[in-house]
Every structure is written in C-alpha cells, then in structure tokens.
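Architecture at a glance
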Amino acid sequence: MRITRRLEFDAGHRIPDHASQCRHLHGHRYTIEISLEGRIVDAPGCTTNGMVMDFGEIKRIAWEKVVSQWDHAFLVWREDTRVVEFLASLPDHKTVIFDRVPTAENLAAAAFRILDAAYHDACGNSLRLERVRLFETPNCWADATRDEG
C-alpha cells in the first residue's frame, strides 16, 4: 500500500546559470509530497492499527526534518558566492546552503535523502519512503524515487 502526504512552504532561490528569468532572485510556493509504502498494520493496540502510517506523523516528521528548515528561507548554492555573501550580510536571515544548485530536481533529491532516514517501521509494517515529489509551481515538479538508487 502506498500513502502520500502533501505539505506546502515558501522559499526563495535562484539558478545562477539559467538562460532566462530564473537566474534572478525569486521565490516560489513549493509543495512537497511524501509517498510511503508499507503494509497496513494489523495489530490491535498499536496506534497505527489499520494504517500504513498516521498522516499526522508523516507531517510531523516532514515538517521537522525539511519543511521547517526550508520554509521562508533562501535556498542557495554554495558556489553562488556573491549571493551567499549578500545573504550573510543580512542580520538573522534564514538561509539554507546546498552543495548543488537549488533546482526542483536537486531539492527533491535532497529532501529524499533527509527523509529516507526519518521514516521507520511501526508495528511490523515494513515502511519505507518511495517518492518525494517537489512542485516548484503548480505545473512543474520533480520526483525523487527509491528506484533511482
């Protein structure tokens, strides 16, 4: 069984080598979907009995590990040094520095790596993260999936 939880957050970024508008500082209303796969728990007394995982718990973990870190932050590539320096000059600015350009593809892959370690079996359901889908806009998204290895 596969289940999915969707969350939204706002963040800024730029793609410095982009040939068009995305090379400029700008922001998005991102949506992230976390898809987990596992067996439906059949264990009376277990808090997830009848579920793969509680949707509230999926949200709590995703919020703690990714969304709260990236929400209302500027997501910047470490090699974009002028922007890194500029953001560092702003007192108390929320900045997240990445080893790769913060494209939808790289952000989805980063979120997958972070969340893969965060979701665990409960009551023998063989739970595992299968996909992180990150929408940069309502019409554009990237999928990071387990089978990409």
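Up top you'll find the structure we're talking about.
Being a predicted model, the structure only gives us computed values, none of them experimental. (Residues numbered from 1 in each chain as written. Predicted model: local features only at pLDDT ≥ 70, side-chain atom pairs only at ≥ 80, totals over all residues. Heavy atoms only, no water.)

**Regarding unusual backbone geometry**
Despite not being glycine, Asp92 shows a phi value in the positive range, around 60°. Relative accessible area serves as the criterion here: at 81%, Asp92 is assigned to the exposed category. (Buried < 20%, exposed > 50% of the residue type's maximum accessible area, 1.4 Å probe, protein only.)

**With respect to the pattern of salt bridges**
Evaluation of the coordinates by the stated rule reveals 15 salt bridges. A salt bridge links Arg6 to Glu33; its shortest N-O distance comes to 2.4 Å. Taken as a pair, Arg6 in strand S1 (residues 2–13) and Glu33 in strand S2 (residues 26–37) lie far apart in primary sequence, 27 residues in all. Assessed through its relative accessible area of 45%, Arg6 is described here as partly exposed. (Salt bridge = Lys/Arg side-chain N within 4 Å of Asp/Glu carboxyl O. Helix = DSSP H or I, 4+ residues; strand = E, 2+ residues; numbered from the N terminus.)

**Quick look at the packing of aromatic side chains**
For the structure on display, the rule yields four aromatic pairs. Taken together, a centroid distance of 6.1 Å and an interplanar angle of 65° make the contact between Phe9 and Trp70 edge-to-face. Within this pair, whereas Phe9 is found in strand S1, its partner Trp70 is found in helix H1 (residues 55–70), the two being separated by 61 residues in sequence. Look at Trp70 and you get buried, because its relative accessible area is 3%. Between Trp70 and Phe98 the ring centres are 5.4 Å apart and the planes differ by 75°, which places this aromatic pair in the edge-to-face class. (Phe/Tyr/Trp six-rings, centres within 6.5 Å; stacked < 30°, edge-to-face > 60°.)

**Points about the nonpolar core**
Grouped together as the largest cluster of nonpolar side chains are 35 residues, with contacts concentrated most on Ile32, Ile34, Leu36, Trp70, Leu115 and Tyr119. Those elements that provide at least two residues to this core are S1, S2, H1, strand S3 (73–77), strand S4 (95–98), helix H3 (104–116), strand S5 (128–137) and strand S6 (140–145). For this core, the leading source of residues is H3, giving seven residues. Ignoring sequence-local partners within four residues, the contact set of Trp70 consists of Phe9, Asp10, Ala11, Leu75, Val96, Phe98, Leu107, Ala110, Ala111 and Ile114. (Core = buried A, V, L, I, M, F, W, Y, C linked by side-chain atoms within 4.5 Å. Contact = heavy atoms within 4.5 Å.)

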